[in-house]
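Now for the letters of each chain:
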Amino acid sequence: MSYLFIILLFPFFAFSQNIATFSSADGSVKNVSLKEVKQAYQVVLNSTLNAPTRTQFVKDYVRYRVIVEEAYNDRSLVKSAKVRNSIVDSELRQALDQSVYKTFISKRMQAQLSKIDREVRNASNKALQAFYRANPYFNIHFIVLNIPQSADKAQISEIRKRAMEIHSKVLKSKKPFVDLVPLYSDNTFVGRGDINYSRTNLYPLVYDAVRSLKKNQITKPIRTPNGFYIIKLNRVVPFKEANVEDVKNQMRTEKRTKVFNEQLNKIQKKYKVRISNKLIKSI
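Residues numbered from 1 in each chain as written. Predicted model: local features only at pLDDT ≥ 70, side-chain atom pairs only at ≥ 80, totals over all residues. Heavy atoms only, no water.

Student: Go over the pattern of salt bridges, please, and point to the residues and values.
Tutor: Here the idea is simple: oppositely charged side chains can pair when their charged atoms come close. Within the structure shown, the criterion is met by 11 salt bridges. One salt bridge connects R199 with D208, and the closest N-O pair in it is separated by 3.9 Å. You can call R199 partly exposed: its relative accessible area is 27%. Taking the shortest distance from any N to any O, the salt bridge between R235 and E241 comes out at 2.8 Å. (Salt bridge = Lys/Arg side-chain N within 4 Å of Asp/Glu carboxyl O. Buried < 20%, exposed > 50% of the residue type's maximum accessible area, 1.4 Å probe, protein only.)

Here it is as structure tokens:
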């Protein structure tokens, strides 16, 4: 959920090819353009390591647009939805949309979010340890092969082939994995340090793959939006070495995300949303 707020900084515009449509409260049809979503998704890819898949991003982005419409139709917030149409400047209108969206969520979920904050603030050590067991930190090293933003299917296929070849060489090598990183990685500035990674700073697919490893095991190349990763698990970091406040923040985020999804999905059901699965592949 957190990545979604990055796209709120990105102004969207109207284009002819639409990846999604939905009906508003007054019966009119709203469009979500392919170009708009592509540009917004690129902003997320360039801003976070925890980027969602294309499919998930489209669903979340469309839901954001739906909630904006719902917010404008909430008369406790906006007396008339026409106020948005009176704003000529697109960036100003987008800023207003963001403000209305955030205020709407805050007011609708204030009681639930306050309850979550109290629960997490007062969480026992036993509860934090239980959460951490399901969401531990990992100490890893990794090799990454970058996928250029403009890469087509043929180029991605070549990068995948190269990743598989490197994976084979790594498994056969007698050198420590950390020494192989600068030999094979496209980004030698990362992947070698003694850094602990959590769920918040790894792609979900990567995090889940690492969770399935045993100590010193190496993953097959994992495809993410920005590259292929070959990862070695050095160790699972014990709770006593974890940052308790960070663990609490993760717990808070997980609980908040659950509430957000439940409430926003409930609202979205009032709208007839249509998403083109075919166009998702074009993002």
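From this point, things continue past the structure.
Student: I'd like a rundown of the sheet that holds strand β7 (residues 273-275), residues and numbers included.
Tutor: Pairing between the strands of a sheet is mediated by backbone hydrogen bonds and can be parallel or antiparallel. A sheet is described by the order of its strands in space; here 3 strands give the open sequence β2-β1-β7, paired in antiparallel fashion. Two strands lie at the open edges of the sheet, namely β2 (29-33) and β7, each paired on one side alone. The sheet shows a mean angle of 15° between the axes of neighbouring strands, direction not considered. Along the sheet face, helix α2 (residues 34-47) touches β1 (18-23) and β2 and points at about 50° away from the line of β2. (Pairing = 2+ DSSP bridges. Helix = DSSP H or I, 4+ residues; strand = E, 2+ residues; numbered from the N terminus. Axes fitted to C-alpha atoms, helices over the stretch in contact; angles between N-to-C directions. Contact = heavy atoms within 4.5 Å.)

Student: Can you tell me about the packing of helix α3 (residues 54-72) against helix α5 (residues 90-121), naming the residues and giving the values?
Tutor: At a minimum axis separation of 9 Å, α3 and α5 run at an interaxial angle of 80°. Classified by the angle between their axes, α3 and α5 sit roughly perpendicular to one another. When α3 is examined against α5, the residues Y64, I67, V68, E70, A71 and Y72 are found in contact with a partner set consisting of R93, Q94, L96, D97, Q98, V100, Y101, F104 and R108. Taken together, the residues of the contact of α3 with α5 sort by class into 9 nonpolar, 2 polar and 4 charged. (Parallel < 35°, antiparallel > 145°, perpendicular 65-115°, else oblique. Nonpolar A, V, L, I, M, F, W, Y, C, P; charged D, E, K, R; others polar.)

Student: Can you explain the side chain of K248? Please cite residues and give values.
Tutor: With respect to the secondary-structure elements, K248 resides in helix α10 (residues 244-268). We note that K248 is buried and unpaired, the nearest opposite charge coming from E245 at a distance of 4.2 Å. Of the polar contacts made by the side chain of K248, one reaches the backbone oxygen of R121; its length is 3.4 Å. (Lys, Arg positive; Asp, Glu negative; His and termini not counted. Polar contact = N/O pair within 3.5 Å; in protein donor to acceptor, adjacent residues only side chain to side chain.)

Student: Describe in detail the nonpolar core, supporting the description with residues and values.
Tutor: Across soluble globular proteins, nonpolar side chains have a tendency to be buried as a group. In terms of nonpolar packing, the biggest core is built from 63 residues, with I19, V37, I140 and I231 touching the most fellow members. Counting residues per element, this core draws most heavily on α3, which supplies 10 residues. Excluding residues that lie within four positions of it along the chain, I140 makes contacts with G193, I195, Y197, L202, V210, I231, K232, L233 and N234. Membership of the second largest hydrophobic core comes to 14 residues, among which are A151, I159, V170 and F228. (Core = buried A, V, L, I, M, F, W, Y, C linked by side-chain atoms within 4.5 Å.)

Student: With reference to specific residues and values, describe unusual backbone geometry.
Tutor: The phi angle of most residues is negative, glycine excepted, and most peptide bonds adopt the trans form. Not every positive phi belongs to a glycine, and N216 is a case in point at roughly 75°. Here N216 lies in the loop between α9 (204-211) and β5 (222-224). What makes N216 partly exposed here is its relative accessible area of 45%.

Student: Can you tell me about the environment of T224, naming the residues and giving the values?
Tutor: Inspection of the secondary structure puts T224 in strand β5. Residue T224 is classed as buried on the basis of its relative accessible area, which comes to 4%. Measuring from C-alpha to C-alpha, the distance between T224 and K79 comes to 44 Å, with 145 residues separating the pair along the chain. With sequence-adjacent residues up to four places away left out, T224 is seen in contact with I147, Y203, V206 and Y229. A polar contact of 2.8 Å, which involves the side chain of T224, links it to the side chain of N226.

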